[in-house]
Amino acid sequence: MFLIRGGRRGKAATAKSASTAEISPAASPMRVVGEGLAHRFPGTDVLFEHLSFTLEAGRTVAICGPSGCGKSTLLSILAGWERPWAGTVDRGGVRRVGWVFQNPYGVAERTALDHVVFPLLAQGMRRADAEPQALEAMGLFELEYAADRPFAALSGGEAQRLMLARAVCAKPDMLLVDEPTAQLDTRTAHSVSHVLGNLAGHGMIVVVATHDRDTRDACQQVIDLADYAPADPALGDSSPADSAQGGSSLGDYAPAEHPTADSTPKGERP
Ligand SMILES: Nc1ncnc2c1ncn2[C@@H]1O[C@H](COP(=O)(O)OP(=O)(O)OP(=O)(O)O)[C@@H](O)[C@H]1O
């Protein structure tokens, strides 16, 4: 997969300098192909239907749509955690799937650096070799300054960026990210969106569920689940735009500000 090189402890890294870090690409191409996907949970309405797409290494993909339309559910289906109600997902060449959840979690008394270095140690690296890489990954998300802070002392936004840095160090083939900018201020959200948009360029498939227009715009491919909602018979036949391979609008459901993870009740559509 990729290797982030450089970066020294104590040296401030800007998002710009870190995002230009030298990274070596993956050896084999990967493709995730979804065909005719539809999903509903027992006793609930169909969330989306007739959804087909191809996700390729090197592209960051945004999954958009109103609250409750099934963005997180589609991430679960991509990960293989949830079986689709209809259709198939072929994860060709994808062995390792990473996931950054909406709500960050960590060990309260462990430092931020401990969290990011952990997946590198698990891969067999020595701490002395792993730390520079972990700090470089933290630099990608403008978090190097917090390396020595215990997890419990991090803000929600810092903890969320920490999870992103840790996921990068885990070197997954496919990285699934749920609402990465939900707890961030506008400037930091813009920076994180930019980094996520470029991350896939280093040999991963990156899939981001988001409400954020900036994040959507930073991605190379957009799947707008609003286009795959079941047709309302009262409105007649409306053919969905083929937005799974291109860009489409966030429409009226993009919030003006970055919402907190639980600002809109699950399942409630605006
Ligand atoms: N295990 C489950 N069983 C039953 N219903 C579920 C389950 N998981 C999710 N749902 C429902 O499915 C719908 C889609 O949920 P999901 O979390 O995928 O939406 P979302 O688009 O990610 O929403 P948000 O933008 O608010 O995070 C919601 O109505 C939710 O309550």
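Refer to the structure printed above.
Here the structure is a predicted model, which means the values were calculated and not measured. As a convention, each chain's residues are numbered from 1 in the sequence order in which they are written. Residue-level local features of this predicted model are given only where pLDDT is at least 70; pairs of side-chain atoms are given and counted only at 80 or more, and the full residue set underlies all totals for whole chains, interfaces and linings. Based on all heavy atoms of the structure, the side-chain values leave hydrogens and waters out of the count.

## Some details on the sheet that holds strand S3 (residues 60-64)
Two strands form a pair only when DSSP identifies at least two bridges running between them. Each helix is a run of H or I in the DSSP string that is no shorter than four residues. Each strand is a run of E no shorter than two, and both are numbered from the N terminus. The strand order across the open sheet built from five strands is S5-S6-S7-S3-S8, with neighbouring strands paired in parallel fashion. Each edge of the sheet is formed by a strand with only one pairing partner; in this case those strands are strand S5 (97-100) and strand S8 (221-224). Strand-to-strand, the axes of this sheet are offset by a mean angle of 15 degrees, without reference to chain direction. The strands touched by helix H6 (residues 186-199) within the sheet are S3, strand S6 (174-178) and strand S7 (205-209), with S7 carrying the most contacts at an inclination of about 145 degrees. Lines fitted to C-alpha atoms define the axes, with helix axes restricted to the stretch in contact, and inter-axis angles between N-to-C directions lie between 0 and 180 degrees. Whether two residues touch is decided by their heavy atoms; if any such pair falls within 4.5 Å, the residues are in contact.

## Focus on H6
In this scheme, a helix's expected span is set at 1.5 Å multiplied by one less than its residue total. Here H6 spans 20 Å end to end across 14 residues, near enough to the 20 Å set by a 1.5 Å rise per residue. Between N or O atoms, a polar contact is any pair within 3.5 Å; within protein, one atom must be a potential hydrogen donor and the other a potential acceptor, and residues adjacent in sequence are included only when both atoms are from side chains. The N-cap of H6, judged by a side-chain oxygen 3.1 Å from the amide nitrogen of Arg 187 a few residues on, is Asp 185.

## A look at the side chain of Lys 171
Here Lys 171 shows up in the loop between helix H5 (156-169) and S6. No salt bridge forms around the buried Lys 171; measuring N to O, its nearest opposite-charge neighbour Asp 129 is 11 Å away. Within the structure, Lys 171 has its side chain in polar contact with the side chain of Gln 123 (distance 3.5 Å). Burial status follows relative accessibility: with a 1.4 Å probe on protein chains alone, a residue under 20% of its type maximum counts as buried, one over 50% as exposed, and anything between as partly exposed. The sign given to each residue is positive for Lys and Arg and negative for Asp and Glu; His and the chain ends receive no count. By convention in these notes, a salt bridge is any Lys or Arg side-chain nitrogen within 4 Å of a carboxyl oxygen on Asp or Glu.

## Remarks on the environment of Glu 82
Structurally, Glu 82 is set in the loop between helix H2 (71-79) and strand S4 (86-92). Given the relative accessible area of 27%, Glu 82 is considered partly exposed. Considered as a pair, Glu 82 and His 39 are 43 residues apart in the sequence and their alpha carbons are 9.6 Å apart. Among residues more than four places away in sequence, those in contact with Glu 82 are His 39, Phe 41, Ser 76 and Ile 77.

## Details of the packing of aromatic side chains
Stacked, tilted and edge-to-face pairs are distinguished by plane angle, under 30 degrees for stacked and over 60 for edge-to-face with tilted covering the rest, among Phe, Tyr and Trp rings (Trp via its six-membered ring) whose centres lie within 6.5 Å. One pass over the structure, following the stated rule, counts four aromatic pairs. A ring pair is formed by Trp 81 and Trp 99, whose centres lie 4.7 Å apart and whose planes are at 10 degrees; its orientation type is stacked. In this pair, Trp 81 sits in the loop between H2 and S4 while Trp 99 sits in strand S5, placing the two residues 18 residues apart along the sequence. A residue is classified by how much of its surface remains accessible, and Trp 81, at 57% relative accessible area, is exposed. Trp 99 sits in the buried class, given a relative accessible area of 14%. Residues Phe 101 and Tyr 105 carry aromatic rings whose centres are separated by 6.2 Å and whose planes lie at 55 degrees to one another, so their mutual orientation is tilted. Under the relative-accessibility criterion, Phe 101 is labelled partly exposed at 30%.

## Some thoughts on the environment of Ala 200
Considering the arrangement of structural elements, one finds Ala 200 in the loop between H6 and S7. Take Ala 200: its relative accessible area is 0%, and that puts it in the buried class. It is 6.6 Å that separates the C-alpha atoms of Ala 200 and Ala 57, two residues lying 143 residues apart in sequence. Setting aside residues no more than four positions away along its own chain, Ala 200 makes contact with Ala 57, Gly 58, Arg 59, Thr 60 and Val 206.

## Comments concerning the pattern of salt bridges
Applying the stated rule across the entire model yields nine salt bridges. The partner of Arg 187 in a salt bridge is Glu 142, with the nearest N and O atoms 3.6 Å apart. Remark: Glu 142 occurs in the loop between helix H4 (127-140) and H5 and Arg 187 occurs in helix H6; sequence separation between them is 45 residues. Accessibility expressed as a relative area gives 55% for Arg 187, which makes it exposed. The partner of Glu 158 in a salt bridge is Arg 149, and the shortest N-O contact between them spans 3.7 Å. Taking the relative accessible area as the measure of exposure, Arg 149 reaches 34% and is therefore partly exposed.

## Topic: the site of the ligand
Throughout, near means a residue has at least one heavy atom within 4 Å of the molecule or strand. Lining the immediate surroundings of the ligand are 14 residues, of which Ser 67, Gly 68, Lys 71, Ser 72 and Thr 73 lie closest. Here an oxygen atom of the ligand and a side-chain polar atom of Thr 73 are 2.6 Å apart. Bound to the protein, the ligand loses 71% of the 640 Å² it would expose on its own. Side-chain classes are defined by residue name, with Ala, Val, Leu, Ile, Met, Phe, Trp, Tyr, Cys and Pro counting as nonpolar, Asp, Glu, Lys and Arg as charged, and the others, Gly among them, as polar. Of the residues that constitute the shell around the ligand, the class distribution is four nonpolar, eight polar and two charged. Areas reported here follow the Shrake-Rupley algorithm with a probe of radius 1.4 Å; residue values treat only the protein chains shown as occluding.

## Observations concerning the nonpolar core
Among buried residues, those of type Ala, Val, Leu, Ile, Met, Phe, Trp, Tyr and Cys that are joined through side-chain atoms within 4.5 Å constitute a nonpolar core. Membership of the largest hydrophobic core comes to 38 residues, with the highest contact counts inside it found for Val 116, Met 138, Phe 141, Leu 162, Leu 175 and Leu 199. Elements that contribute at least two residues to this core include exactly helix H3 (112-122), H4, H5, S6, H6 and S7. If you tally residues by element for this core, the top one is H5, at eight residues.

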